[in-house]
Amino acid sequence: MQPTFVLVPGSHATGRCFTALQSELALRGHRSLAVDLPGHGTAGFSTAYQAQDLAAFAELPSPMAGITHADNVAHVIDLIRRVREHGPVVLVGHSRGGFTVTSVANAVPDLLARTVYVSAWCCVTGTAADYLATPAFRPPDVGLIPVSDPKRLGAVRMNWRTTDPAHLTALNHAWTTDGADAEIIAFLSTLDPDESRDAGTDLVDRAAWGKVAHSYVRLTEDASMPLALQDHFIEEADALTPDNPFDVHSLPVGHIDPLLRPTGLAEILAGTAGYSEGAR
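Throughout, residues of each chain are indexed from 1 in the direction in which the sequence is written. Only residues with pLDDT of at least 70 are given local features in this predicted model, and only at 80 or more are side-chain atom pairs given and counted; all residues enter the totals for whole chains, interfaces and linings. Side-chain numbers come from the whole structure's heavy atoms, not from hydrogens or water.

**Digging into the overall build of the protein**
Phase 1 of the analysis: Working definition: helices are DSSP H or I runs of at least four residues, strands are E runs of at least two. Numbering for both runs from the N terminus. Scanning the protein from terminus to terminus reveals 12 helices and eight strands.
Phase 2 of the analysis: The C-alpha radius of gyration computed for the protein amounts to 18 Å, which stays within 12% of the reference 19 Å derived for 280 residues, consistent with globular compactness.
Phase 3 of the analysis: Projected onto the principal axes, the alpha-carbon positions of the protein cover approximately 55 × 40 × 35 Å.
Phase 4 of the analysis: Whether two residues touch is decided by their heavy atoms; if any such pair falls within 4.5 Å, the residues are in contact. Taking the intrachain contacts of the protein between residues at least 6 apart in sequence as the baseline, contacts between residues at least 24 apart amount to 80%.
Phase 5 of the analysis: We score Asp and Glu as negative and Lys and Arg as positive, and we do not count His or the chain ends. Positions of charges follow a simple convention, taking NZ of Lys, CZ of Arg, CG of Asp or CD of Glu. The centroid of the 19 positive side-chain charges in the protein is displaced by 5 Å from the centroid of its 32 negative side-chain charges. Just to be clear, the radius of gyration here is over C-alpha atoms, and the globule rule we use is 2.2 Å times residues to the power 0.38.

Here it is in structure tokens:
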């Protein structure tokens, strides 16, 4: 039985970021469900944001305030229970979406045929803060700063409608290898201004997460999630579950390139579907 791919987006992103990938999967005969995590889909959108009245935009309350990592996990588990009625589930996380993937696999391993991390966080021996302090993480300077104080707002608010050429160029370099300016601007339209401050602190659970087949898609030209950090996650997870190592794939692209031009990622995911037929 063919699985359903449940797609979990990264920071500030919504299910809209997976439109091109879903089209490519559908053309290959695969079902998929793109997730809007709690609060997302309209988070931070307002007339002030639309009009670029940044002073007013900075003061508006955030719909993401109070939304937690646990809320994200509960929401995805609920979706998986419903989708699972129609066959196996392959849970796919991009970037920050990896935090949710790990926690869901820890909680309901028997509902998953496979997890797939696409240049995504997979915390094994420490929290995100611990990994951010390691030499493996050297993020690019994209020149963007939150519009408001995240502690006061209760969320991270960004102005993705910036027209500053320097910011747009920096984002292009941080996120893609050869993206056109129009592609970056179009991708920014899929992002919510606001994001939860809570990414959780869950680590891979050997007894639960370790039961689920898992793949990692390395993006070797990724400037936002350095390759050294991606490999660090893989090495630590394989050391924890040596009898169930990552199935590793590599694409020579940047952080959002597989979402803009998804042929390579769709091919990898379609390949994992073969492993999942008849699973659980």
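Moving on from the coordinates now.
**Some points on the packing of aromatic side chains**
Phase 1 of the analysis: Ring pairs shown here join Phe, Tyr and Trp side chains whose ring centres sit within 6.5 Å, with only the six-membered ring taken for Trp; geometry is labelled stacked below 30 degrees between planes, edge-to-face above 60, and tilted in between. Counted by the stated rule, this structure contains 12 aromatic pairs.
Phase 2 of the analysis: Seen from their ring centres, tyrosine 131 and phenylalanine 233 are 5.0 Å apart, and the 70° between their planes marks the pair as edge-to-face. You can see tyrosine 131 sitting in helix α6 (residues 128–132) and its partner phenylalanine 233 sitting in helix α10 (residues 227–240), a full 102 residues away along the chain. Here tyrosine 131 and phenylalanine 233 have matching classes, each one buried.
Phase 3 of the analysis: Sitting above the plane of the phenylalanine 57 ring, arginine 157 keeps its charged end 5.0 Å from the centroid. Each residue gets one of three labels from its accessible area relative to the maximum for its type: buried under 20%, exposed over 50%, partly exposed in between, using a 1.4 Å probe on protein chains only. Sitting over a ring, as applied to charges here, requires NZ of Lys or CZ of Arg to be within 6 Å of the ring centre and within 35 degrees of the ring normal.

**Observations concerning the environment of glycine 41**
Phase 1 of the analysis: For glycine 41, the location among the structural elements is in the loop between β2 (31–34) and α2 (47–51).
Phase 2 of the analysis: Residue classification places glycine 41 among the buried residues on the basis of a relative accessible area of 19%.
Phase 3 of the analysis: Separated by 78 residues in the primary sequence, glycine 41 and serine 119 place their C-alpha atoms 23 Å from one another.
Phase 4 of the analysis: Each residue touching glycine 41, except ones within four places of it in the same chain, is listed here: Thr14, Arg16, Asp36 and Asp192.

**Observations regarding the pattern of salt bridges**
Opposite charge on two side chains permits them to pair, given that their charged atoms come into close proximity.
Phase 1 of the analysis: Put simply, a salt bridge is a Lys or Arg side-chain nitrogen that is within 4 Å of an Asp or Glu carboxyl oxygen. This model, assessed by the stated rule, comprises nine salt bridges.
Phase 2 of the analysis: A salt bridge links arginine 28 to glutamate 24, with the nearest nitrogen and oxygen atoms 3.4 Å apart.
Phase 3 of the analysis: Here aspartate 194 and arginine 157 are joined by a salt bridge, their closest N and O atoms 2.8 Å apart. With aspartate 194 in strand β6 (residues 194–195) and arginine 157 in strand β5 (residues 156–157), this residue pair connects regions lying 37 residues apart in the sequence. Here aspartate 194 and arginine 157 have matching classes, each one buried.

**What about the sheet that holds strand β1 (residues 4–8)?**
Where strands meet in a sheet, backbone hydrogen bonds hold them as pairs that are either parallel or antiparallel.
Phase 1 of the analysis: Taken in spatial order, the six strands line up as β2-β1-β3-β4-β7-β8 in an open sheet, and their pairing is parallel. Two strands lie at the open edges of the sheet, namely β2 and β8 (247–251), each paired on one side alone. Pairwise comparison of adjacent strand axes, ignoring direction, gives a mean angle of 20° for this sheet.
Phase 2 of the analysis: Note that strand β4 (residues 114–118) and strand β7 (residues 213–219) share five bridges and pair parallel. Bridged to tyrosine 117 within β7 is tyrosine 216.
Phase 3 of the analysis: Where helix α4 (residues 69–83) meets the sheet, its contacts fall on β1, β2 and β3 (89–94), and the angle it forms with β3 comes to roughly 150°. Pairing between two strands is assigned when DSSP locates at least 2 bridges connecting them. To get an axis, a line is fitted to the C-alpha atoms, and for a helix only the part in contact is used. The angle between two axes follows their N-to-C directions and goes from 0 to 180 degrees.

**Regarding the side chain of serine 119**
Phase 1 of the analysis: Counting through the fold element by element, serine 119 comes out in the loop between β4 and α6.
Phase 2 of the analysis: Side-chain atoms alone can form a polar contact between residues adjacent in sequence; in general such a contact is a pair of N or O atoms within 3.5 Å, and within protein one must be able to donate a hydrogen while the other accepts it. A polar side-chain atom of serine 119 sits 2.6 Å from a polar atom in the side chain of aspartate 222.
Phase 3 of the analysis: Ignoring sequence-local partners within four residues, the contact set of serine 119 consists of Ser95, Tyr216, Val217, Leu219, Asp222, Met225, Gln230 and His255.

In short, the description is geometric, and any link to function would need to be established separately.
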